Amino acid sequence: MVSAIYPGSFDPVTRGHLDLIERALPLFDRLTVAVAANSTKTATFTAEERVEMLREVLPKDKRLSVTSFRGLVVDFCKSQGIGAVLRGVRTVSDFEYEYQMALTNRHMAPGIETVFVMPSVQYSYVSSSLIREIVRNGGDVASFLPPQVERRLRDRLRPLSSPS
Ligand code: COA
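Residues numbered from 1 in each chain as written. Predicted model: local features only at pLDDT ≥ 70, side-chain atom pairs only at ≥ 80, totals over all residues. Heavy atoms only, no water.

A. Highlighting the site of the ligand. The environment of the ligand is made up of 23 residues, and the closest members are Ser9, Lys41, Tyr97, Ser128 and Ser129. Within the backbone of valine 73, an N or O atom sits 2.9 Å from an oxygen atom of the ligand. Note that an oxygen atom of the ligand is positioned 3.3 Å from one of the side-chain N or O atoms of serine 127. Computed on the free molecule, the ligand has an accessible area of 950 Å², of which 85% lies beneath the protein chains in the complex. For the shell around the ligand, the elements supplying multiple residues, two or more each, are strand 1 (3-8), helix 1 (15-24), helix 4 (92-108) and helix 5 (128-136). When residues of the shell around the ligand are assigned to their parent elements, the largest contribution, four residues, is made by helix 4. (Near = heavy atom within 4 Å. Polar contact = N/O pair within 3.5 Å; in protein donor to acceptor, adjacent residues only side chain to side chain. Areas by Shrake-Rupley, 256 points an atom, 1.4 Å probe, with all protein chains shown as cover. Helix = DSSP H or I, 4+ residues; strand = E, 2+ residues; numbered from the N terminus.)

B. The side chain of aspartate 11, seen in detail. Among the structural elements, aspartate 11 can be located in the loop between strand 1 and helix 1. Looking at aspartate 11, the relative accessible area reads 5%, which means it is buried. In terms of polar contacts, aspartate 11 uses its side chain to reach the backbone amide nitrogen of threonine 44, at 2.7 Å. Polar side-chain contacts of aspartate 11 include one of 2.9 Å to the backbone nitrogen of phenylalanine 45. Setting aside anything within four residues of it in sequence, one finds aspartate 11 in contact with Thr42, Ala43, Thr44, Phe45, Arg50, Ser128 and Arg132. (Buried < 20%, exposed > 50% of the residue type's maximum accessible area, 1.4 Å probe, protein only. Contact = heavy atoms within 4.5 Å.)

C. Expanded view of the packing of helix 2 (residues 47-57) against helix 6 (residues 147-156). Running from amino to carboxyl end, helix 2 crosses helix 6 at an angle of 155°, the nearest separation of the two axes being 10 Å. Here helix 2 lies roughly antiparallel to helix 6, going by the angle between them. Between helix 2 and helix 6, the contacting residues are Glu49, Glu52, Met53, Glu56 and Val57 on the first element and Gln148, Val149, Arg152 and Arg156 on the second. Per-class residue counts for the contact of helix 2 with helix 6 are three nonpolar, one polar and five charged. (Axes fitted to C-alpha atoms, helices over the stretch in contact; angles between N-to-C directions. Parallel < 35°, antiparallel > 145°, perpendicular 65-115°, else oblique. Nonpolar A, V, L, I, M, F, W, Y, C, P; charged D, E, K, R; others polar.)

D. Quick look at the packing of aromatic side chains. Evaluation of the coordinates by the stated rule reveals four aromatic pairs. Ring centres of phenylalanine 95 and tyrosine 99 lie 5.6 Å apart, and the angle between their planes is 35°; on these two criteria the pair is classed as tilted. With phenylalanine 95 and tyrosine 99 both in helix 4 and four residues apart, the pair spans about one turn of that helix. Seen in terms of ring centroids, tyrosine 125 and phenylalanine 144 are 6.1 Å apart; in terms of plane orientation they differ by 85°. Their pairing is edge-to-face. Of the two residues, tyrosine 125 sits in the loop between strand 5 (113-117) and helix 5 while phenylalanine 144 sits in the loop between helix 5 and helix 6, which places them 19 residues apart along the sequence. (Phe/Tyr/Trp six-rings, centres within 6.5 Å; stacked < 30°, edge-to-face > 60°.)

E. Main features of the nonpolar core. The biggest cluster of nonpolar side chains holds 35 residues, and the ones touching the most others in it are Leu31, Leu54, Leu58 and Leu86. Mapped by element, the contributors of at least two residues to this core are strand 1, helix 1, strand 2 (30-36), helix 2, strand 3 (64-69), strand 4 (84-88), helix 5 and helix 6. In terms of residue count, helix 2 provides more of this core than any other element does, five residues in total. Setting aside anything within four residues of it in sequence, one finds leucine 58 in contact with Leu18, Ile21, Val33, Leu64 and Val66. (Core = buried A, V, L, I, M, F, W, Y, C linked by side-chain atoms within 4.5 Å.)

F. A look at the pattern of salt bridges. All chains considered together, the criterion is met by ten salt bridges. Arginine 23 is the partner of aspartate 19 in a salt bridge, and the nearest nitrogen-oxygen pair spans 3.0 Å. Note that aspartate 19 and arginine 23 are positioned in helix 1 at a spacing of four residues, about one turn of the helix. Using a relative accessible area of 12% as the deciding quantity, one classes aspartate 19 as buried. Judged by its relative accessible area of 42%, arginine 23 is partly exposed. (Salt bridge = Lys/Arg side-chain N within 4 Å of Asp/Glu carboxyl O.)

This is how it looks when you write it as structure tokens:
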């Protein structure tokens, strides 16, 4: 039984994340998508809201679950009996950060392996913060976000030009 975690900020979840989850799901018996509640980033949505959006848009599959966690990814893995960390590598610049994180996690928890999956090329350049910036400035993000998530993001970030 191989259980994996896909940790991230998911602020908000994008079609790129969903693509990665779909590609990785056949590799594992269980996949926990986990929102990092203590990320160093300033979040647009609360951890609860991010979990809620993930639950709304993820495929209904009994192998998939969604949660949030605080502290180190590896500590959460140990507490849940999870043996693998799923990460996406989109670009060469991602690689350096992911390489450091994977090896540091291995140092802290030698039994937990990081598994890298490449997202589809059409999502390889997007990130949640770029999408937030487009929305803030009134641009079109329909190809990057599921409609429910887009609605929530537009409600949260009114374009700069909108009257308050
Ligand atoms: N499609 C679209 N965008 C993607 C993506 C994909 N397939 N994969 C990643 N991204 C984007 C995300 O939207 C995010 O964009 P943003 O920076 O604009 O918000 C960016 O790539 C990277 O985000 P993510 O994969 O969510 O990683 P992260 O660096 O925000 O968080 C954690 C990684 C969860 C491991 C870390 O933040 C954390 O808090 N860990 C807890 C402490 C810990 O254990 N640290 C590791 C010690 S070695």
